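# Descriptive analysis of the structure
Here is what each chain is made of, one letter per residue.
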Amino acid sequence: MRHGGDRIAEVLQAHGVPCIYTLCGGHISPILAAAKARGLRIVDVRDEATAVFAADAAARLSGRPGVAAVTAGPGITNTITALKNAQLAQSPVVLLGGAAPTALQGRGALQDIDQRPLVEPHVKRFYKMRRVAELAPAVEEAFELAASGVPGPVFIECPVDLLYDEANIRQWYADAAGKGTALADRALRWYLHRHVRRMFAGSASNPLPRVRAVVPPRAPDDALRAALRALSKAERPLAVIGSQAVVQASEVERIAAAVTRLGVPVYLSGMARGLLGRDHALQMRHLRRNALREADCVLLAGVPCDFRLDYGKHVRRSATLIAANRSAKDARLNRKPDVAAIGDAGLFLQALAQAQPEAPAGWTEWIGRLRARDAEREAEIDLQAAATGNHVNPIALFRALEREAGDQALFVADGGDFVATASYVLRPRAPLSWLDPGAFGTLGVGAGFALGAATVRPGREVWIVFGDGACGFGLAEFDSFVRHGIPVIAVVGNDAGWTQIAREQVKMLGDGVGTVLARTDYHAVAAGFGAEGLVVKHADEVRPALARARELARAGKPVLVNVWLDRTEFREGSLSM
Ligand SMILES: Cc1ncc(C[n+]2csc(CCOP(=O)(O)OP(=O)(O)O)c2C)c(N)n1
Ligand SMILES: [Mg+2]
């Protein structure tokens, strides 16, 4: 007879889950052991948040739900930030959480709290398991739910007494019931006997796991026709393509081809960065705000009008706005679109490209203008990259990384100003090769994201672009990288501070309190965990260090390159709220 842990593992296996990210606990041991026995890779980390960040990244890169398992109580509370991050990033994660034995919940058991009110607001559904027979169907349903409609995390609470084998559990309950003869003892025995019977009711049959197909939602034809009409009338069209447009990882090449055929100049954001490769005639990188103000027809594909578009104010009032989004709420956030195409934005782009006769020749001049402005901005950045100081200019560092990183490179961004600078300079090479936290702006995603990326994309070069502040959250995961042979390269921008915050705080309040860090030897910390640590204090050391880091990673070693930065004015004046 299979135990509950094995029933769960069987469903994970049937769904082709390559990897479970976890931090152990007695409450979930049967899941981990059974999953390992079925050939799933178990990657154990040093903080539960890392496990969920890794599952999130794995989901974004594979287009299938990522799976994490954490223990009851503190294991679950530790995941909340990562869970919220996945929810706001619309990333399909299946989180398996332990719980106290069913009969002891609310009676002062170890690690026992009411988990529902903590977790429920951050997930599409909170499954509370009460019977062994419910486990497999709940996991099957969770996989479907996480990936359908607007994707997001789903939580399954698995009490420990549903996970171990029946004989053990019956014995455990029999021992707990004791052998007393008093009326109260006999009543307890009767009660527990009935409880156990209910727990295992219906568990004798164990049907084969079912994998349900997830059908992506399609925008209705009238939205497609309206969008086509708007585009055909446009003189200066512009598209912004964001993370939600690429939730179907298997579609990215087709989406890229559709964008090319559509002929509309584009800005790519979030997970869509890299969609068109390193260089594409239609892709603009700079001065998006100006372009949006000039465009007479704007297509937002999987992008809400949130703070990143100044709540919709970046788009000219008179422009025709087309919003393609799986979420009707996001499509209308802060600004009512002229055309709301509610459905998968990636499929919508493909449908548009298929139905549009040919990109109007009149767009050429507009595209040329945008390209010229982009090139001008690149030249300005080059000038700023040339500024020298005592240590390393971050723009020059990213120019060097841009040259050094391979065609298979995948970049993970975790930090403040350092990462914002990277996003202007680094060019993701291919679709799904850039990971950032998304709308929650969460610091600390780096180590988990890199772990998720490296495990679902083995052999890919994974670079973490880390602020020195941000790297502190996940530094202990160098231990996990080493133990699991995950050769990521972290480039830490060491400016001895939480600079994105310091920049405005000092200017407005005259005090940098709380924003100052030291030039800490992060490379030595990584080396302490058994990884390779390199330090770069001067400009001329950058290229050899990056090359060496790449070489070490190719030989299977995780590396941390601690780069001492100079101050720059590059991010001056930028503030996100
Ligand atoms: C979990 C979390 N805590 C705090 C913040 C606020 N915050 C945003 S950027 C930033 C500074 C980041 O510093 P660092 O990683 O060193 O990058 P830098 O700006 O110095 O380049 C902080 C503290 C946040 N976004 N997330
Ligand atoms: Mg910093």
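Computed from a predicted model, the values in this text were never measured in an experiment. (Residues numbered from 1 in each chain as written. Chains lettered and ligands numbered in written order. Predicted model: local features only at pLDDT ≥ 70, side-chain atom pairs only at ≥ 80, totals over all residues. Heavy atoms only, no water.)

### Some words on the overall build of the protein chain
A count of helices and strands for the protein chain gives 23 helices and 17 strands. For 577 residues, the compact-globule estimate of 2.2 N^0.38 gives 25 Å, and the protein chain sits close to it at 26 Å. Per-residue burial for the protein chain yields a buried fraction of 57% across its 577 residues. Counting contacts in the protein chain only where the partners sit at least 6 residues apart, residues at least 24 apart contribute 75% of the total. (Helix = DSSP H or I, 4+ residues; strand = E, 2+ residues; numbered from the N terminus. Rg over C-alpha atoms; globule rule 2.2 N^0.38 Å. Buried < 20%, exposed > 50% of the residue type's maximum accessible area, 1.4 Å probe, protein only. Contact = heavy atoms within 4.5 Å.)

### Some details on the pairing of strand β16 (residues 532-536)
The side chains of a regular strand alternate, first on one face of the sheet and then on the other. One ladder, built from five bridges, connects β16 with strand β17 (residues 559-564); its direction is parallel. When the bridges of β17 are listed, Gly-533 appears paired with Leu-560. (Pairing = 2+ DSSP bridges.)

### Considering the pattern of salt bridges
Summed over all chains, the structure comprises 34 salt bridges. For Glu-141, the salt bridge is made with Arg-125, and the minimal N-O distance between the two is 2.9 Å. One end of the pair, Glu-141, is in helix α7 (residues 132-147); the other, Arg-125, is in the loop between α6 (116-119) and β5 (126-128), with 16 residues separating them in the sequence. For Arg-125, a relative accessible area of 40% translates into the label partly exposed. A cluster of three or more residues bridged by salt bridges with shared partners is formed by Asp-279, Glu-378, Asp-382, Arg-399 and Arg-427. (Salt bridge = Lys/Arg side-chain N within 4 Å of Asp/Glu carboxyl O.)

### Some details on the coordination of the magnesium ion (ligand 2)
For the magnesium ion (ligand 2), the full set of protein donor atoms is Asp-468 (OD), Asp-495 (OD) and Gly-497 (O), at a range of 2.0 to 2.1 Å. Counting residues between consecutive donors of the magnesium ion (ligand 2) along the chain gives the motif D-x26-D-x1-G. We classify Asp-495 as partly exposed; its relative accessible area is 21%. (Donors = N, O, S within 2.8 Å, 3.2 Å for Na, K, Ca; no water.)

### Examining helix α8 (residues 166-177)
For α8, spanning 12 residues, the distance from its first C-alpha to its last is 16 Å, which sits close to the expected 16 Å at 1.5 Å a residue. Three or more residues of α8 are buried, namely Ile-169, Tyr-173 and Ala-177. Along the axis of α8, the buried positions cluster into a sector of 75 degrees, meaning they face one direction only. In α8, the exposed residues that point more than 90 degrees away from the buried face are Ala-167 and Asp-175. Contacts made by the buried residues of α8 are with α9 (183-200). In the stretch just after α8, Gly-178 is the one whose phi turns positive, near 70 degrees. (Expected span 1.5 Å × (residues − 1). Arc of directions from axis to C-beta.)

### Digging into the packing of aromatic side chains
Given two aromatic rings, their pairing is described by the distance between the two centres and the angle made by the two planes. Evaluation of the coordinates by the stated rule reveals six aromatic pairs. When the centroid spacing of 4.7 Å and the interplanar angle of 40 degrees are considered together, the rings of Phe-398 and Phe-418 count as tilted. With Phe-398 in helix α16 (residues 394-404) and Phe-418 in helix α17 (residues 417-425), this pair connects stretches of sequence that are 20 residues apart. Looking at Phe-398, the relative accessible area reads 0%, which means it is buried. Its relative accessible area of 5% is what places Phe-418 among the buried residues. Ring geometry for Phe-478 and Phe-481: centres 5.1 Å apart, planes at 80 degrees, overall edge-to-face. (Phe/Tyr/Trp six-rings, centres within 6.5 Å; stacked < 30°, edge-to-face > 60°.)

### What to know about the packing of helix α3 (residues 48-62) against helix α18 (residues 446-456)
Running from N to C, α3 and α18 point in directions that differ by 45 degrees, and their axes come no closer than 7 Å. One finds that α3 runs oblique with respect to α18. At the point where α3 passes α18, the crossing takes the right-handed sense. Contact residues: Thr-50, Phe-53, Ala-54, Asp-56, Ala-57, Ala-58, Arg-60 and Leu-61 in α3; Ala-447, Gly-448, Phe-449, Leu-451, Gly-452, Ala-453 and Val-456 in α18. For the contact of α3 with α18, the class distribution of residues is 10 nonpolar, three polar and two charged. (Axes fitted to C-alpha atoms, helices over the stretch in contact; angles between N-to-C directions. Parallel < 35°, antiparallel > 145°, perpendicular 65-115°, else oblique. Left-handed = near helix turned anticlockwise from the far one by under 90°. Nonpolar A, V, L, I, M, F, W, Y, C, P; charged D, E, K, R; others polar.)

### Section: the pairing of strand β4 (residues 93-99)
Where burial is concerned, most of β4 is hidden: seven out of the seven residues are buried. Side chains Val-93, Leu-95, Gly-97 and Ala-99 of β4 all project onto a buried face; the interleaved residues Val-94, Leu-96 and Gly-98 project onto the opposite face, where all are buried too. The pairing of strand β3 (residues 66-70) with β4 spans five bridges and is parallel. Among the inter-strand pairings, Gly-66 is bridged to a residue of β4, identified as Val-93. As defined by bridge partners, β4 adjoins strand β6 (residues 154-159) across six bridges and the pair is classed as parallel. By the bridge assignment, Gly-97 is partnered in β6 with Glu-157.

### Digging into the layout of surface pockets
Empty space within the second largest pocket amounts to approximately 430 Å³. As for the second largest pocket, its lining consists of 20 residues, of which Gly-63, Arg-64, Pro-65, Ala-147 and Val-214 are closest to the centre. Of all the elements, α7 adds the most residues to the lining of the second largest pocket, at three residues. Residues of the lining of the second largest pocket, tallied by class, amount to 11 nonpolar, five polar and four charged. (1 Å grid on protein atoms, 1.4 Å probe; cavity = no way out; pocket = protein on both sides within 12 Å on 5 of 7 lines; lining within 4 Å. Points joined across faces, edges and corners; volume = space filled by probe spheres on them.)

### Considerations on the site of ligand 1
The local shell around ligand 1 holds 16 residues, among which Asp-417, Phe-418, Gly-441, Asp-468 and Gly-469 are the closest. Take Gly-441: an N or O atom from its main chain is 2.8 Å from a nitrogen atom of ligand 1. For ligand 1, an oxygen atom lies 2.9 Å from a polar atom in the backbone of Thr-499. Protein burial of ligand 1: of its 590 Å² of free accessible surface, 77% is covered by the chains. Of all the secondary-structure elements, those providing two or more residues to the shell around ligand 1 are α17, α19 (468-474) and α21 (499-509). (Near = heavy atom within 4 Å. Polar contact = N/O pair within 3.5 Å; in protein donor to acceptor, adjacent residues only side chain to side chain. Areas by Shrake-Rupley, 256 points an atom, 1.4 Å probe, with all protein chains shown as cover.)

### Regarding the nonpolar core
Counting residues in each nonpolar core, the largest one holds 114 residues, and the members touching the most others are Tyr-21, Ile-241, Leu-275 and Phe-348. Looking at this core, the element that brings in the most residues is α3, giving nine residues. With residues near it in sequence (within four places) discarded, Phe-348 still touches Ala-219, Ala-223, Leu-224, Ala-227, Leu-299, Ile-322, Ala-324 and Ala-341. Of all hydrophobic cores here, the second largest spans 39 residues; its members include Leu-32, Val-132, Ala-142 and Ile-169. (Core = buried A, V, L, I, M, F, W, Y, C linked by side-chain atoms within 4.5 Å.)

### Describing the sheet that holds strand β15 (residues 489-494)
Taken together, the six strands give an open sheet; going across it, the order is β13-β12-β14-β15-β17-β16, and neighbouring strands pair in parallel fashion. With one partner strand each, in any of the chains shown, β13 (434-435) and β16 form the two edges of the open sheet. Direction of pairing for strand β12 (residues 410-414) relative to strand β14 (residues 462-467): parallel, over a ladder of five bridges. Its bridge partner being in β14, Phe-411 is matched across the sheet by Trp-463.

### Quick word on helix α15 (residues 363-386)
An α-helical turn contains 3.6 residues, so a residue and the one three or four places further along point in the same direction. In this model α15 runs 35 Å from its N-terminal to its C-terminal C-alpha over 24 residues, within 8% of the 34 Å that 1.5 Å per residue would give. Those residues of α15 that sit buried are Trp-363, Trp-366, Ile-367, Leu-370, Arg-373, Asp-374, Arg-377, Glu-378, Ile-381 and Ala-385.

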